[in-house]
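Overview (structure and organization)
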Amino acid sequence: MHTYLLKYNSISWDSHTDGPGQRVVLFLQGCEYRCPWCHSPHTQDMRPVPLFSEAMCIGCARCEKICPEGVHSFIAGIHKIQRTKCAGCALCVEGCPQSLGGASGAALKIVPKTDSIQSLYDLMRPQLEYCGALTISGGEPLLQWYAVRELLALCKSASIETAIETTLTADEHVITN
């Protein structure tokens, strides 16, 4: 087994809308298409992108002080972010008291995250065993098809039902493999 890495945005642990029944949804990062109807436009970029939840921000400005690239600024008490300046160092996340290491529901997090297939599968395994199903969404999953194929093989060996949400705009050999 080759060690492939997946770039992903997030994991939904209890979805009832991305396939039949209850399932885990793995949102991959990266899509070239920029469809106007995309329900996850934040998953399109492959470069590091800071995600921000205004509702979680307490306005302490630690991110502004610690960021070496000047991504964060506070103007009249409003947190402004210049995403194109982000180098993905995650110092802002580490310094933010409302981010708890980039946890779900945090004020700040940096995506994409990158992990090996086995590590990602091990992380998801307890919930996959509970609900029995995985949907791989995006971004566009087929842009990382080698790694997706390996993850699907792990799921199949454990009798986990799988689905892929894709545009199917990939080379024929990708779809038939």
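Residues numbered from 1 in each chain as written. Predicted model: local features only at pLDDT ≥ 70, side-chain atom pairs only at ≥ 80, totals over all residues. Heavy atoms only, no water.

**Concerning the pairing of strand E6 (residues 108-111)**
Every second residue of E6 is oriented toward a common face, with Leu108 and Ile110 on one face and Lys109 and Val111 on the other, all of them buried. Both strand E3 (residues 49-52) and E6 contribute to a ladder of 4 bridges, which runs antiparallel. When the sheet's bridge partners are listed, Phe52 is paired in E6 with Leu108. (Buried < 20%, exposed > 50% of the residue type's maximum accessible area, 1.4 Å probe, protein only. Helix = DSSP H or I, 4+ residues; strand = E, 2+ residues; numbered from the N terminus. Pairing = 2+ DSSP bridges.)

**Structural notes on the layout of surface pockets**
Regions of empty space are outlined by a rolling probe, equal in size to a water molecule, passed over the atoms. Of the volumes computed, that of the largest pocket is approximately 250 Å³. Forming the boundary of the largest pocket are 16 residues, of which Trp37, Cys38, His39, Gly139 and Thr167 lie nearest the centre. Its residues assigned to classes, the lining of the largest pocket shows 4 nonpolar, 9 polar and 3 charged. (1 Å grid on protein atoms, 1.4 Å probe; cavity = no way out; pocket = protein on both sides within 12 Å on 5 of 7 lines; lining within 4 Å. Points joined across faces, edges and corners; volume = space filled by probe spheres on them. Nonpolar A, V, L, I, M, F, W, Y, C, P; charged D, E, K, R; others polar.)

**Some thoughts on the pattern of salt bridges**
The final tally for this structure, using the stated rule, is 4 salt bridges. Asp45 is the salt-bridge partner of Arg34, the closest N and O atoms lying 3.4 Å from each other. Here the residue Arg34 occupies a position in the loop between strand E2 (23-28) and E3, and Asp45 occupies one in the loop between E2 and E3, the gap between them amounting to 11 residues. Looking at Arg34, the relative accessible area reads 43%, which means it is partly exposed. A cluster of three or more residues bridged by salt bridges with shared partners is formed by Arg34, Asp45 and Arg47. (Salt bridge = Lys/Arg side-chain N within 4 Å of Asp/Glu carboxyl O.)

**Concerning the nonpolar core**
Ranked by internal contacts, the top residues of the largest apolar core, which has 20 residues, are Leu6, Leu26, Met124, Leu128, Leu134 and Leu151. For this core, the secondary structure elements donating two or more residues are strand E1 (5-15), E2, helix H3 (117-131), strand E8 (133-137) and helix H4 (145-157). Broken down by element, the residue count for this core peaks at 6 residues, all from H3. Formed by 14 residues, the second largest nonpolar core is a distinct cluster that contains Cys63, Ile81, Cys96 and Leu108. (Core = buried A, V, L, I, M, F, W, Y, C linked by side-chain atoms within 4.5 Å.)

**Thoughts on empty space enclosed by the protein**
One pass over the full model with this rule turns up 2 cavities of 30 Å³ or more. As for the largest cavity, its lining consists of 15 residues, and the residues nearest its centre are Cys57, Cys60, Cys63, His79 and Cys96. When the residues that make up the lining of the largest cavity are grouped by side-chain class, the tally is 11 nonpolar, 3 polar and 1 charged. As a volume, the second largest cavity reaches approximately 50 Å³. Cys67, Glu69, Val71, His72, Cys86, Ala87, Gly88, Cys89, Ala90, Leu91, Cys92 and Ile110 are the residues that line the second largest cavity. A per-class count over the lining of the second largest cavity returns 9 nonpolar, 2 polar and 1 charged.

**A short note on the sheet that holds E8**
Across the sheet, 5 strands lie side by side as E7-E1-E2-E8-E9; this open sheet has mixed pairing. A strand with exactly one partner marks an edge of an open sheet, and here the two such strands are strand E7 (113-116) and strand E9 (161-164). Pairs of neighbouring strands in the sheet enclose a mean axial angle of 40°, with direction left out of account. Two strands pair when backbone bridges link them, and E1 and E7 are joined in this way by 4 bridges, in the antiparallel orientation. The partner of Lys7 across the bridge, within E7, is Thr114. Across the sheet, H3 lies against E1, E2, E7 and E8, angled at about 15° from E1, the strand it touches most. (Axes fitted to C-alpha atoms, helices over the stretch in contact; angles between N-to-C directions. Contact = heavy atoms within 4.5 Å.)

**Overview of the packing of aromatic side chains**
A full pass over the atoms with the stated rule returns 2 aromatic pairs. On the numbers, 5.7 Å between centres and 15° between planes, the contact of Tyr4 with Tyr146 is stacked. Taken together, the residues Tyr4 in the segment before E1 and Tyr146 in helix H4 connect sequence positions 142 residues apart. Under the relative-accessibility criterion, Tyr4 is labelled partly exposed at 22%. On the basis of an interplanar angle of 25° and a centroid distance of 4.2 Å, the ring pair of Trp145 and Tyr146 is categorised as stacked. One aromatic cluster is present, formed by Tyr4, Trp145 and Tyr146 through successive ring pairs. (Phe/Tyr/Trp six-rings, centres within 6.5 Å; stacked < 30°, edge-to-face > 60°.)

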